[in-house]
Amino acid sequence: MTIQINAASFTGISGYPINVEVDISAGLPAFNIVGLADTSVKESKERVRSAIINSGYTFPIKRITVNLAPADLKKEGSLFDLPIAIGILSATNQICSDFIDEYIIVGELSLSGNLKRIKGALPITTYGVKNNLSKIIVPTDNALECSIVKNSKIFGFDNLSQVIDYFEYRDSLPFKYSQNFENESIDLDFDDIVGQESSKRAIEVSASGGHNIVLYGAPGSGKTMLAKRIPTILPPLNYEEALEVTEIYSVSGNVQNQNLIFKRPFRNPHHTSSKIALVGGGSNLIPGEISLAHNGILFLDELLEFKKDVLEVLRQPLEDRVIKFSKSTGNVIYPANFMFVSALNPCPCGNYGSNKECTCTEYQRKRYISKLSGALLDRIDIFSPVKSLNYDEIEKSRKTDSSKEIRKRVTLARQIQKDRFSHENIHYNSEMQKKHIDKYCKLSTDTSNILKTLFKNFEVSTRAYTRILKVARTIADMNERKDIAPIDLIEAIQYRKFIDGKIV
Ligand SMILES: [Zn+2]
């Protein structure tokens, strides 16, 4: 007799269905699993056999064939233990199978029959809910995590016997979990930082349009303090964004407290990080820092201390906002849509342009900055110098805007962009392509004259030109202006000035 059980697996953060077929026939006793199962699935045989026997049921001494369909997808992991066991019990009439096809069943079994936490339960749940299979049986340890998906009906169990009893009596209710949406604690605030008004303004512009930003200045000037506060001025994640972030953390095994993550990620990898740590991949194809920063901030402090080849791998995801890995059985894609924030010293000693003496030669300085390759420069919209304050400046600085006040303005500017781009496949000004720039960044004669003068007096690259227009569009939005005004453009040009006032 052949039995079918709905199971599921995941790749990247996407779940997909796996049909577990169990066939039991007379013949020499054998237990085979077919359908491109890897060794971790094949080991399942021993766990399933012991778990069934140790739970007090009979393991059939017959010819058992388990097929995991579709057969062309490689199956990994131990999450098929439970559906295989349920299939065998069902095919031998040891479990009531009237309603089994209404459920997705996943879980790892121990030899004693206990259910153990699996990876990827969240994308499996999301898949189920989207495909009218919202009833999902998982190990108890996964129940909290899965129940954050709206409209899911999660049934968590500790062991195989409990699952069997459930199908007999159907006496459990789905796991109820009330998510507290208000528990986002903001422990940092922009009003902690004295002075630095021009950097704060540059950061507000970046956050408003989703622009990548470089903060540069002497060590101790407060670049890191500023960067760490950027998440506090971004609007809170909505449900869909929060679910994506939580899914990434779930498949990377990084979920700490199983709540839906509503806090914007802020990832701050060290400059000794490897390529794999930064972008992900490796033998397990785990998500890297750029995916853990999805919908939030990736902050690279001491940008020029990172190895050049490590920085180069950022180019593609910065452009595509996803990262793809090729695998023998297909591609794995992780989202990687983050705001890129970085900080650097203006020279090797760090003092160039500050009130302390720089001990570097011009050659040393040029060589140091040249590590910032054209490809990376191409993806940065805003450069902001962060000055070391002297005592007088600290003394006369008044209280400044709190994160909450800034966030209100950022949210408004972002809404204007979302409305404008509602028929385009982009959301923010930073994502504009040439066709969008031509359409939404038209300049009046006065305004375009400013650009002409700039081109006459400076060597301006095409790259700088488009970046200036995108940022000017954001500044105009922040001022709720339909058209870019001369003053918006002038401010945007300032953000293209890098060390020595050179336009990059
Ligand atoms: Zn120096």
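Residues numbered from 1 in each chain as written. Predicted model: local features only at pLDDT ≥ 70, side-chain atom pairs only at ≥ 80, totals over all residues. Heavy atoms only, no water.

**Student:** Looking at this model, I keep getting lost on the coordination of the zinc ion. Mind explaining?
**Tutor:** When a metal holds four donors in a tetrahedron, each ideal angle between them is 109.5 degrees; when it holds six in an octahedron, the ideal angles are 90 or 180 degrees. Within the first shell, the zinc ion binds the protein through Cys347 (SG), Cys349 (SG), Cys358 (SG) and Cys360 (SG), at distances of 2.2 to 2.4 Å. Geometry at the zinc ion is tetrahedral, judged from the four donor atoms that bind it and their angles of 106 to 113 degrees at the metal. Mapped onto the sequence, the donors of the zinc ion take the spacing C-x1-C-x8-C-x1-C. One end of the pair, cysteine 347, is in the loop between β17 (339–344) and α14 (362–369); the other, cysteine 360, is in the loop between β17 and α14, with 13 residues separating them in the sequence. Of the residues examined, cysteine 360 reaches a relative accessible area of 15% and is grouped as buried. (Donors = N, O, S within 2.8 Å, 3.2 Å for Na, K, Ca; no water. Tetrahedral: all angles 85-135°; square planar, octahedral: opposite > 155°, others 65-115°. Helix = DSSP H or I, 4+ residues; strand = E, 2+ residues; numbered from the N terminus. Buried < 20%, exposed > 50% of the residue type's maximum accessible area, 1.4 Å probe, protein only.)

**Student:** In this structure, what is going on with the pattern of salt bridges? I would like to understand it.
**Tutor:** Side chains that differ in charge, positive against negative, can pair when their charged atoms come close. Counted by the stated rule, this structure contains 24 salt bridges. A salt bridge links glutamate 289 to arginine 267; its shortest N-O distance comes to 2.7 Å. Separated by 22 residues along the polypeptide, glutamate 289 in helix α11 (residues 289–292) and arginine 267 in strand β11 (residues 266–267) bring together distant segments of the chain. Two residues, aspartate 378 and arginine 463, come together in a salt bridge whose shortest N-O distance is 3.7 Å. Within this pair, whereas aspartate 378 is found in the loop between α15 (374–377) and β18 (382–385), its partner arginine 463 is found in helix α20 (residues 462–478), the two being separated by 85 residues in sequence. Taking relative accessible area as the criterion, aspartate 378 reaches 28% and is therefore assigned partly exposed. By relative accessible area, arginine 463 is classed as partly exposed at 23%. Among the charged side chains, a salt-bridge network with shared partners connects Glu102, Lys135 and Arg170. (Salt bridge = Lys/Arg side-chain N within 4 Å of Asp/Glu carboxyl O.)

**Student:** Just checking my understanding: could you explain the packing of helix α17 (residues 403–420) against α20 for this structure?
**Tutor:** Describing two packed helices takes the angle between their axes plus the distance from one axis to the other. Running from N to C, α17 and α20 point in directions that differ by 115 degrees, and their axes come no closer than 8 Å. Here α17 lies roughly perpendicular to α20, going by the angle between them. The hand of the α17/α20 crossing is right-handed. Every residue of α20 that contacts α17 at Ala413, Ile416, Gln417 and Arg420 is listed here: Arg473, Asp477 and Met478. Considered class by class, the residues forming the contact of α17 with α20 number three nonpolar, one polar and three charged. (Axes fitted to C-alpha atoms, helices over the stretch in contact; angles between N-to-C directions. Parallel < 35°, antiparallel > 145°, perpendicular 65-115°, else oblique. Left-handed = near helix turned anticlockwise from the far one by under 90°. Contact = heavy atoms within 4.5 Å. Nonpolar A, V, L, I, M, F, W, Y, C, P; charged D, E, K, R; others polar.)

**Student:** Sorry, what's going on with helix α4 (residues 121–130) here?
**Tutor:** Spacing of three or four residues puts side chains on the same side of an α-helix, whose turn is 3.6 residues. Among the 10 residues in α4, eight count as buried, and that is most of the element. Residues Ala121, Leu122, Pro123, Ile124, Thr125, Thr126, Tyr127 and Gly128 constitute the buried set of α4. Asparagine 132, located one to two residues past α4, shows a positive phi value of around 60 degrees.

**Student:** Any chance you could explain the packing of helix α19 (residues 445–457) against α20 here in plain terms?
**Tutor:** In the contact formed by α19 and α20, the axes pass within 12 Å of each other and the chain directions differ by 150 degrees. As judged from the angle between their axes, α19 and α20 are roughly antiparallel. Where α19 crosses over α20, the two elements pack in a sense that is right-handed. Here α19 contributes Leu451, Leu454 and Phe455 to the contact with α20, which in turn contributes Tyr465, Ile468 and Leu469. In the contact of α19 with α20, the residues fall into six nonpolar, no polar and no charged.

**Student:** Whenever I open this one, the nonpolar core confuses me. Can you help?
**Tutor:** Within soluble globular proteins, side chains that are nonpolar generally end up buried alongside one another. Counting 55 residues, the largest nonpolar core has Ile88, Ile137 and Leu160 as its most contacted members. Here the element with the most residues in this core is helix α3 (residues 81–91); it accounts for seven residues. Residues within four places of isoleucine 88 in sequence aside, it is in contact with Val22, Ile24, Phe31, Val48, Ile52, Phe59, Pro60 and Ile64. Listed in part, the 48 residues of the second largest apolar core include Ala242, Val332, Leu372 and Phe383. (Core = buried A, V, L, I, M, F, W, Y, C linked by side-chain atoms within 4.5 Å.)

**Student:** Just checking my understanding: could you explain α3 for this structure?
**Tutor:** Counting buried positions along α3 yields 11 of 11 residues, so the element is predominantly enclosed. Within α3, the full set of buried residues consists of Asp81, Leu82, Pro83, Ile84, Ala85, Ile86, Gly87, Ile88, Leu89, Ser90 and Ala91. Immediately beyond the C-terminal end of α3, within one or two residues, lies asparagine 93, with a positive phi of roughly 55 degrees.

**Student:** I tried to follow the pairing of strand β10 (residues 213–216) on my own but got confused; where do I start?
**Tutor:** Two faces belong to every sheet, and in a regular strand the side chains alternate between them. Neither face of β10 is exposed, since Ile213 and Leu215 on one face and Val214 and Tyr216 on the opposite face are all buried. Sheet topology note: the β10/β17 ladder contains four bridges and is parallel. If you follow valine 214 over to β17, its bridge partner there is serine 342. Sheet topology places β10 next to β18; four bridges connect them, and they run parallel. (Pairing = 2+ DSSP bridges.)

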